[in-house]
Amino acid sequence: MEIKNQQAYVGGIPVQELVQRFGTPLYVYDGQAMVQQLEQLRAAFAVPLRIKYAVKALPNITVLKWLRRHGAEADAVSIQEVQLALRAGFRPDEIMFSPNCAPFYELAEAAQLGVQVNIDNLPFLERFAEQLGRSVPCSIRINPHIRAGGHEKISVGHSDSKFGIPLQQLEDVKKIVGRFNLTINGLHIHTGSDIAEVRVYEQMADIFFSVIDDFKQVRFLDFGSGFKVPYRKDDKALSIHKLGATLSRRLAEISLQKNRRLELWVEPGKFLVSGAGWLLATCTVVKETPSRTFAGLNTGLNHLIRPMMYGAYHDIVNVSNISGPQRTYTVVGYICETDTFGEDRLLNEVREGDILAICNAGAYGHAMASNYNSRPRPAEVLVVNQKASLVRVAESLDDLLDGQPEVDL
Ligand SMILES: *Cc1c(COP(=O)(O)O)cnc(C)c1O
């Protein structure tokens, strides 16, 4: 979001104009900002990089098509995400499928579609080897025993986590490979989200280096994602520049010392789309109480759950009063339980009817929205080349009733 002459713009379009045209609450995305992230990532690496966009962060079909047009491939965690990616035009061989505890038939279905499947437990690896292993390769997700990332709910690489095949079980993997003549074509680690230290990715490189001799047919190393983006102005983010330099060097070392040709894969979600999205909402009421001043919005945790689910910090901007005097507000939603977007925030004076923008809403925003309190989910707008397109219509009451037959009891 850009501020020029006391006005806020997304992709060159005044936010006020977007609000007049599409109403609030509204998710707005800046397509160019996503492309800049893609380009920054590519530029940071000295080796060819396959960027698998984590569809779950923002699965809108137009966004998927846009990212594909700019060279992204896809990372899916459900068979439905695989199907969405196919509908968006991704070729099967551009899609990585890394489910966890999804039914086995989803793996089989994805493999039959020609999608790269990534298996994260021994029972499924064995079943896959038995049923498909002679003709179809797969990669394995390794649990690296690393505790990294932000909130506990998004730290998924530690030894108590349900994700990945623990290092101690790689002997069993080798037995399955030998018994069924299975081809393991890739090694994968994803340790969680909001990782700010390049060191964590170096540890993954160490693990790949130490196990790769056992997997002669591996042709790619997938470092997952979790690239931390800044949520506050002074936030420490992962240095993509350093990450690129480090992983490029490590890949070259592994390739040279092991005499292997290896591709480098990553699976960013948040990094590509978080900062490119805003949730716009209207202030419904300014409520003074003896303890604080609340700014109430016409949206809530049903539309953006990250603050209440992860204690996530999202910047908030009053785009209707860019240079007004600053006051302290607790910004809250309209859901009937504690529903706080930001506590004690210094904002330009908020008046009833003002438009507030909640930042970093591109990733895990609309994707995690629900109909709680029987509220329809908001529309989504994508701005590209100074043109705003409605890429998802807001829901209505009819949508909420859709699929609920009127039953005579
Ligand atoms: C969620 C997820 C990602 C993306 O994580 P971000 O933190 O959004 O970049 C990548 N790979 C897998 C397997 C995931 O589950």
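Look up a bit, the structure's there.
Only a predicted model underlies this, so the values are computations on that prediction, with no experimental measurement involved.

(A) Highlighting the pattern of salt bridges. According to the stated counting rule, one finds 26 salt bridges in the structure shown. Close ionic contact of Lys-233 with Asp-315 constitutes a salt bridge, the shortest N to O distance being 3.2 Å. Residue Lys-233 is found in the loop between strand S12 (220–222) and helix H9 (240–258), and its partner Asp-315 is found in the loop between helix H11 (306–310) and strand S16 (316–318); the two are separated by 82 residues along the sequence. Note that Arg-351 and Asp-354 form a salt bridge whose closest N and O atoms lie 3.1 Å from each other. The partly exposed category is assigned to Arg-351, whose relative accessible area is 37%. Its relative accessible area of 6% is what places Asp-354 among the buried residues.

(B) Highlighting H9. Between its first and last C-alpha, H9 extends 26 Å over 19 residues, near the 27 Å set by a 1.5 Å rise per residue. Looking at H9, one finds that the buried residues are Ile-240, Leu-243, Gly-244, Thr-246, Leu-247, Ser-248, Arg-250, Leu-251, Ile-254 and Ser-255. Residues of H9 that are buried in the fold lie against helix H2 (31–44), helix H8 (198–211), S12, strand S13 (263–266) and helix H10 (270–273). Just downstream of H9, Asn-259 is the residue with a positive phi angle, here 50°.

(C) Seen up close, the sheet that holds strand S2 (residues 7–10). The strand order across the open sheet built from three strands is S1-S2-S3, with neighbouring strands paired in antiparallel fashion. Both edges of this open sheet fall to strand S1 (2–4) and strand S3 (13–14), since each of them pairs with a single strand only. Here S1 runs beside S2; their pairing, made up of three bridges, is antiparallel. Note on S2: the bridge partner recorded for Ile-3 is Ala-8.

(D) Quick peek at the site of the ligand. Contacts to the ligand come from 14 residues, most closely from Lys-56, Ser-193, Ser-225, Glu-267 and Tyr-364. Contact distances for the ligand include 2.6 Å between an oxygen atom and a side-chain N or O atom of Lys-56. Within the backbone of Gly-226, a nitrogen or oxygen atom sits 3.5 Å from an oxygen atom of the ligand. In the shell around the ligand, the residues fall into four nonpolar, five polar and five charged.

(E) Examining the packing of helix H6 (residues 122–132) against helix H7 (residues 170–180) more closely. Between H6 and H7, the shortest axis-to-axis distance is 10 Å and the interhelical angle comes to 10°. Here H6 lies roughly parallel to H7, going by the angle between them. Where H6 approaches H7, its residues Leu-122, Leu-125, Glu-126, Ala-129 and Glu-130 are matched on the opposing element by Asp-172, Val-173, Ile-176, Arg-179 and Phe-180. Class assignment of the residues belonging to the contact of H6 with H7 gives a composition of six nonpolar, no polar and four charged.

(F) Structural detail: the packing of H8 against H9. For the pair H8 and H9, the least separation of the axes is 10 Å and the interaxial angle reads 10°. Comparing the axis directions of H8 and H9 gives the class roughly parallel. Between H8 and H9, the contacting residues are Val-198, Tyr-201, Glu-202, Ala-205, Asp-206 and Phe-209 on the first element and Lys-242, Leu-243, Thr-246, Leu-247, Arg-249, Arg-250, Ile-254, Gln-257 and Lys-258 on the second. In terms of residue class, the contact of H8 with H9 is made up of seven nonpolar, two polar and six charged.

(G) Representation of the pairing of strand S4 (residues 26–30) within the structure. For S4, the tally of buried residues reaches five of five residues, placing the bulk of the element in the interior. Every second residue of S4 is oriented toward a common face, with Leu-26, Val-28 and Asp-30 on one face and Tyr-27 and Tyr-29 on the other, all of them buried. Pairing geometry for S4 and strand S14 (residues 277–288), over four bridges, is antiparallel. Of the residues in S14, the one forming a bridge with Tyr-27 is Leu-279.

(H) Broad picture of the packing of aromatic side chains. If you walk through the whole model with that rule in mind, you get six aromatic pairs. Ring geometry for Phe-104 against Phe-124: centres 5.4 Å apart, planes inclined by 75°, an arrangement best described as edge-to-face. One end of the pair, Phe-104, is in helix H5 (residues 104–113); the other, Phe-124, is in helix H6, with 20 residues separating them in the sequence. Taken together, a centroid distance of 5.1 Å and an interplanar angle of 85° make the contact between Phe-208 and Phe-223 edge-to-face. Residue Phe-208 is located in helix H8, and its partner Phe-223 is located in the loop between S12 and H9; the two are separated by 15 residues in the primary sequence. Like Phe-208, the residue Phe-223 is buried in the burial classification. In textbook terms, an aromatic cluster arises when at least three aromatic residues are bridged by ring pairs, as seen for Tyr-201, Phe-227 and Phe-271. Here the guanidinium or amino end of Arg-375 rests over the ring plane of Tyr-334, the centre of that ring lying 4.0 Å away.

(I) Region of the structure containing the environment of Met-34. You can see Met-34 is positioned in helix H2. Distance from Met-34 to Ser-255, taken between C-alpha atoms, is 31 Å for residues 221 residues apart in sequence. For Met-34, the contacting residues outside a window of four places in its chain are Tyr-29, Leu-58, Val-63, Trp-66, Leu-67, Leu-272, Val-273, Ala-276 and Leu-382.

(J) Layout of the state of the cysteines. Following the criterion strictly, the structure yields zero disulfides and no others. Just so you know, Cys-101 is unpaired, no disulfide at all, and the nearest cysteine sulfur is the one on Cys-138, 17 Å from it. The class for Cys-101 is exposed, based on a relative accessible area of 63%. Looking at the unpaired Cys-283, the closest cysteine sulfur is the one in Cys-359, lying at 16 Å. Judged by relative accessible area, Cys-283 falls into the buried class, the value being 2%.

About the cut-offs
One numbering rule holds for all chains: residues counted from 1, following each sequence as written. Reporting in this predicted model follows two pLDDT cut-offs: at least 70 for local features of residues, and 80 or more for side-chain atom pairs to be given and counted; totals over whole chains, interfaces and linings ignore these cut-offs and use all residues. Values reported for side chains reflect all heavy atoms of the structure, with hydrogen atoms and water molecules removed beforehand. Salt-bridge detection follows one rule: a side-chain nitrogen of Lys or Arg within 4 Å of a carboxyl oxygen of Asp or Glu. Only runs of H or I of at least four residues qualify as helices and only runs of E of at least two qualify as strands under DSSP, and these elements are numbered from the N terminus. Whether a residue is buried, partly exposed or exposed follows from its accessible area with a 1.4 Å probe, protein chains only, as a fraction of its type maximum: under 20%, in between, or over 50%, in that order. Expected helix span is given by 1.5 Å per residue-to-residue step, counting one fewer step than there are residues. Pairs of residues are marked as contacts when any of their non-hydrogen atoms sit within 4.5 Å. When DSSP finds two or more bridges between two strands, those strands count as paired. The criterion for a residue being near a molecule or strand is simple. One of its heavy atoms has to lie within 4 Å of it. In the analysis that follows, any N or O atom pair within 3.5 Å is treated as a polar contact, provided that within protein one partner can donate a hydrogen and the other can accept it, and provided that, for residues neighboring in sequence, both atoms belong to side chains. Gly is placed with the polar residues, together with every amino acid not listed as nonpolar (Ala, Val, Leu, Ile, Met, Phe, Trp, Tyr, Cys and Pro) or charged (Asp, Glu, Lys and Arg). Fitted lines through C-alpha atoms serve as axes, helices being fitted only where they are in contact, and the angles separating the N-to-C directions of these axes extend from 0 to 180 degrees. In what follows, roughly perpendicular refers to angles from 65 to 115 degrees, roughly parallel to angles under 35, roughly antiparallel to angles over 145, and oblique to any angle outside these ranges. Here is the rule: rings of Phe, Tyr and Trp (six-membered ring for Trp) pair when centre to centre is within 6.5 Å. Planes less than 30 degrees apart are stacked, more than 60 are edge-to-face, and the remainder are tilted. For a lysine, the NZ atom is tested; for an arginine, the CZ atom; a charge sits over a ring if that atom is within 6 Å of the ring centre and within 35 degrees of the ring normal. Note on terminology: pairs of cysteine sulfur atoms within 2.5 Å are recorded as disulfides.

These results come straight from atomic positions and should not be treated as a statement about function.
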